[in-house]
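# Chains, contacts and geometry: an overview
These are the residues of each chain, in order.
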Amino acid sequence: MNGSSVLLPCTYASCIGIKNLYFNWQYKDNGTMVKLCEATIPAEGVEPNVKIYHERVEFVGSSKKNNISILLHNVTFEDQGEYICFARNPKEKERNHSAIFTLYVVDELKEVDNTLTVIIVSVLGGVIGLIILIMVVKAVVLAVLSQVQEKNKECLVSSSGNDNTENGLPGTKADSKPTPKA
């Protein structure tokens, strides 16, 4: 926000350690790079002697925390643009590393109304929940129906073949009636 202070964060890490790590912060002003600050960190844990070239820039980093962040005070609309954190570690064969930040300066912060987003997410959550509920009910109903069908099959199959007394077929339980004597 116009008139406030802004932190531009930048950290570094190296698995092989650091020695004479050079870093700087630059600002792109209409295509021209303007150096804000620079320093060399001689070894891990040793605080650098930072040269600052802009009156509203403050170095707030610490080599003990691998931090080379800066604070820009009393931000104006002219400060809007790209800021580049650059670092080079000789132990990494002089490889260059950089991070680019785009700073937007506004007159006032506006609170975003996210009511519509909350409504949409709630409806989607409800629909997904309803679909899951329907699938669970369907699975339970199908399981119950398959149990009932299984019991019906057992009833039809469990009847014994020895009950066939009407037809008088061999192997039946039908009592042999003595021949009537007249």
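See the structure printed just above.
Residues numbered from 1 in each chain as written. Predicted model: local features only at pLDDT ≥ 70, side-chain atom pairs only at ≥ 80, totals over all residues. Heavy atoms only, no water.

## Overview of the packing of aromatic side chains
Describing an aromatic ring pair means giving the distance of the ring centres and the angle of the ring planes. Note the threshold: Side-chain rings of Phe, Tyr and Trp (the six-membered ring for Trp) are treated as a pair once their centres are within 6.5 Å; stacked means planes under 30 degrees apart, edge-to-face means over 60, and tilted covers the remaining angles. Runs of E in the DSSP output that reach at least two residues are strands. Runs of H or I that reach at least four are helices, and both are numbered from the N terminus. Burial classification: accessible surface area is computed with a 1.4 Å probe over protein chains only, and a residue below 20% of its type maximum counts as buried, one above 50% as exposed, and the rest as partly exposed.
Scanning the model with the defined rule gives four aromatic pairs in all. Plain terms: the ring middles of tyrosine 27 and tyrosine 83 are 4.7 Å apart, the flat faces sit at 35 degrees to each other, and that makes the pair tilted. Of the two residues, tyrosine 27 is situated in strand 2 (residues 19–29) and tyrosine 83 in strand 7 (residues 81–89); the sequence distance between them amounts to 56 residues. For the pair shown, tyrosine 27 and tyrosine 83 are each scored as buried.

## Structural notes on the state of the cysteines
Formally: Sulfur atoms of two cysteines make up a disulfide when they are within 2.5 Å.
Applying the stated criterion across every chain yields a total of one disulfide. Here cysteine 10 engages in a disulfide with cysteine 85; their sulfurs sit 2.0 Å apart. For the disulfide bridge between cysteine 10 and cysteine 85, the dihedral angle about the S-S bond is near -85 degrees, and by the sign convention the bridge is left-handed. Of this pair, cysteine 10 sits in the loop between strand 1 (6–8) and strand 2 while cysteine 85 sits in strand 7, and the two are 75 residues apart along the sequence. Judged on exposure class, the residue cysteine 10 and its partner cysteine 85 are both buried.

## So, the side chain of aspartate 79
Selection rule: As used in this structure description, the phrase polar contact means that two N or O atoms lie within 3.5 Å; if the pair is within protein, one of them must be able to donate a hydrogen and the other to accept it, and residues adjacent in sequence are counted only when both atoms belong to side chains. Any two residues whose heavy atoms approach within 4.5 Å are treated as being in contact.
As for its position among the elements, aspartate 79 is in the loop between strand 6 (70–72) and strand 7. Here aspartate 79 falls in the buried class, since its relative accessible area comes to 7%. Within the structure, the side chain of aspartate 79 is placed 2.8 Å from the side chain of arginine 56, a separation counted as a polar contact. Filtering out sequence-adjacent residues up to four positions away, aspartate 79 remains in contact with Tyr27, Arg56, Leu72, Asn74 and Leu103.

## Comments concerning the sheet that holds strand 3 (residues 32–43)
Formally: Between any two strands, at least two bridges found by DSSP are needed for them to pair.
The strand order 4-3-2-7-8 describes an open sheet built from five strands, whose pairing is antiparallel. In this open sheet, the two edge strands, each paired with only one partner strand, are strand 4 (51–52) and strand 8 (95–103).

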